[in-house]
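In case you want the letters, here they are:
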Amino acid sequence: MKLKKILGITGVAIASVALLAACSSKSKDTSSSKSAAAKETVNFATVGTTAPFSYEENGKLTGYDVEVAKAVFKDSDKYEVKFQKTEWKSVFLGLDAAKYQMAGNNISYSAERDQKYLFSYPIGTTPAVLTVPKDSEIKKYDDIAGHSTQVVQGTSTLTQLNEFNEKHSDKPVELNYTEENITQMLTNVNEGKYDFKIFDAPTVNAIIKNNKLSKLKTIELKSDQQPYIYFLFGKDQKDLQKFVNKRLEELQKDGTLAKLAEKFLGNKDYIPTKDALKVPSKK
């Protein structure tokens, strides 16, 4: 009888150990499966103070670039986007240091950026305007010669004005470097501190309206090239670039880009056509 009891207890013990081992193995497998399914984090840099492209509303980051990025990564099995608010110059420094994998903030193409970063397909088009006081003697682009403006290092506007000054060396534009945001720069023009500011129409129109800058008017600047804006990636982010571009094609086709452009940029036509969905390059 004692022997049978001992064998019975031993059998129960063996079964319990086997059950625990099985549970332990299953637990490890589950953990391994979860780890394999973990999404890759995409740190997305943006300024967060340049409406309508990136700004805060009720404590949350929004704007055209932000909402397009959210739509790109919605329901992705591979990537999870996390937005990082930073200063303009830090956007590029962060990409250089691999702190950020991606950036978006009304970013236009330049040959200099093309050497250092990867571009997405265009996400929108932002025609430039010349903003001046309503009583200004500036009536067209060539009239800016000899007048003053504020500029920020590393922007396409600075490149444009440097080229203008090379052609008009006898009467160059007075360039005043600043780190002020576009709202403050337009306010300065409204107050007569500077003569003009070149920037994109959606931003200027939103700021004039929201800040009641009643002394300003805009002059459309015609260009043979569409002034597209893009997302930027670090040079090592080719897989991410490919994923984003595929999603941008889908968002252009299903009307998502048009809806976001109408909501944030004020015009549903401020988006690239299907034929324009290509990575920019030097000509």
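The rules behind the values
- The residue numbering used here restarts from 1 in each chain and proceeds along that chain's sequence as written.
- Whole-chain, interface and lining totals are the exception, using all residues; otherwise, since this is a predicted model, local features are given only for residues with pLDDT of at least 70 and side-chain atom pairs are given and counted only at 80 or more.
- Calculated side-chain values reflect all of the structure's heavy atoms, with hydrogen atoms and water omitted.
- Secondary structure elements are taken from DSSP: a helix is a run of H or I of four residues or more, a strand is a run of E of two residues or more, and numbering for both begins at the N terminus.
- Note on classification: 1.4 Å probe, protein chains only; a residue is buried when its accessible area is under 20% of the maximum for its type, exposed when over 50%, partly exposed between these limits.
- Contacts are residue-level and defined by heavy atoms, with any inter-residue pair within 4.5 Å sufficient.
- Computed with a 1.4 Å probe, the accessible areas rest on the Shrake-Rupley method; for each residue, only the protein chains presented here act as cover.
- A pair of strands is treated as paired once DSSP finds two or more bridges between them.
- The axes used here are C-alpha line fits, helices contributing only the stretch in contact, and every angle between their N-to-C directions lies in the interval 0 to 180 degrees.
- Residues are said to line a cavity or pocket when one of their atoms sits within 4 Å of a point; the points come from a 1 Å grid over protein atoms alone, cavities being sets where a 1.4 Å probe fits but cannot get out and pockets being open sets with protein on both sides within 12 Å along at least five of seven lines.
- Grid points are joined across faces, edges and corners, and a volume is the space filled by probe spheres set on the points.
- Classification used: nonpolar for Ala, Val, Leu, Ile, Met, Phe, Trp, Tyr, Cys and Pro, charged for Asp, Glu, Lys and Arg, polar for all others including Gly.
- The term nonpolar core refers to a set of buried residues drawn from Ala, Val, Leu, Ile, Met, Phe, Trp, Tyr and Cys, joined through side-chain atoms within 4.5 Å.
- Angle categories are assigned with fixed cut-offs, so that under 35 degrees is roughly parallel, over 145 is roughly antiparallel, 65 to 115 is roughly perpendicular, and the rest are oblique.
- Take the far helix as the reference: if the near one is turned anticlockwise from it by less than a right angle, the crossing is left-handed, and if turned clockwise, right-handed.
- Scored between 0 and 100, pLDDT is the confidence that the predictor attaches to each residue.

Asker: Quick question: what am I supposed to make of the overall build of the chain here?
Answerer: When its secondary structure is counted, the chain shows nine helices and 14 strands. When the 283 residues of the chain are sorted by exposure, 45% land in the buried category. Once local pairs closer than 6 in sequence are excluded, the contacts in the chain between residues at least 24 apart make up 75%. Element-wise, carbon and sulfur atoms account for 50% of the exposed surface of the chain, whose accessible area totals about 16,400 Å².

Asker: Quick question: what am I supposed to make of the sheet that holds strand β4 (residues 60-62) here?
Answerer: Remark on secondary structure: sheet strands pair via backbone hydrogen bonds, oriented parallel or antiparallel. The three strands are arranged β2-β3-β4 in an open sheet whose pairing can be described as antiparallel. A strand with exactly one partner marks an edge of an open sheet, and here the two such strands are β2 (49-50) and β4. Strand direction decides the pairing type here: β2 and strand β3 (residues 54-57), joined by two bridges, are antiparallel. For T50, the partnering residue across the bridge sits in β3 and is S54. Each of β3 and β4 is contacted by helix α2 (residues 64-73), which is oriented at about 90 degrees to β4, the strand it contacts most.

Asker: Would you take a moment to explain the layout of surface pockets for this structure?
Answerer: If a probe as big as a water molecule is rolled over the atoms, it shows which places are left empty. Its boundaries defined by the atoms lining it, the second largest pocket holds a volume of some 150 Å³. Taken together, twelve residues line the second largest pocket, and the ones lying closest to its centre are T125, D269, Y270, I271 and T273. Grouping the amino acids of the lining of the second largest pocket by side-chain chemistry returns seven nonpolar, three polar and two charged.

Asker: For this particular structure, what's the right way to read the nonpolar core?
Answerer: One recurring pattern in soluble globular proteins is that nonpolar side chains are buried together. In terms of nonpolar packing, the biggest core is built from 44 residues, with Y64, F73, M102, F231 and V244 touching the most fellow members. Sort the elements by how many residues they give to this core and α2 lands first, with six residues. With residues near it in sequence (within four places) discarded, Y64 still touches P52, F53, I123, G124, L257, L260, A261, F264, L265 and I271. Formed by 15 residues, the second largest nonpolar core is a distinct cluster that contains I144, A145, V151 and I198.

Asker: Whenever I open this one, the packing of α2 against helix α9 (residues 256-264) confuses me. Can you help?
Answerer: Angle between the axes and distance between the axes are the two parameters that describe a pair of packed helices. Following both chains from N to C, one finds α2 and α9 inclined at 155 degrees, their axes separated by 10 Å at the closest point. Overall, the two elements α2 and α9 adopt an arrangement that is roughly antiparallel. Remark: the crossing between α2 and α9 carries right-handed chirality. Judged by residue contacts, Y64, E67, V68 and A71 of α2 engage T256, L257, L260, A261 and F264 from α9. Taken together, the residues of the contact of α2 with α9 sort by class into seven nonpolar, one polar and one charged.

Asker: Sorry if this is basic, but what is going on with the confidence of the model for the chain here?
Answerer: Do not read the predicted coordinates in detail wherever pLDDT is low. Here the chain averages 88 in pLDDT, while 85% of its residues score no lower than 70. Throughout residues 1-7 the model reports pLDDT below 50, and contacts reaching past four residues in sequence, or to other chains, amount to zero contacts. This stretch, residues 12-36, has a pLDDT under 50; its non-local contacts, to residues over four places away or in other chains, come to zero contacts.

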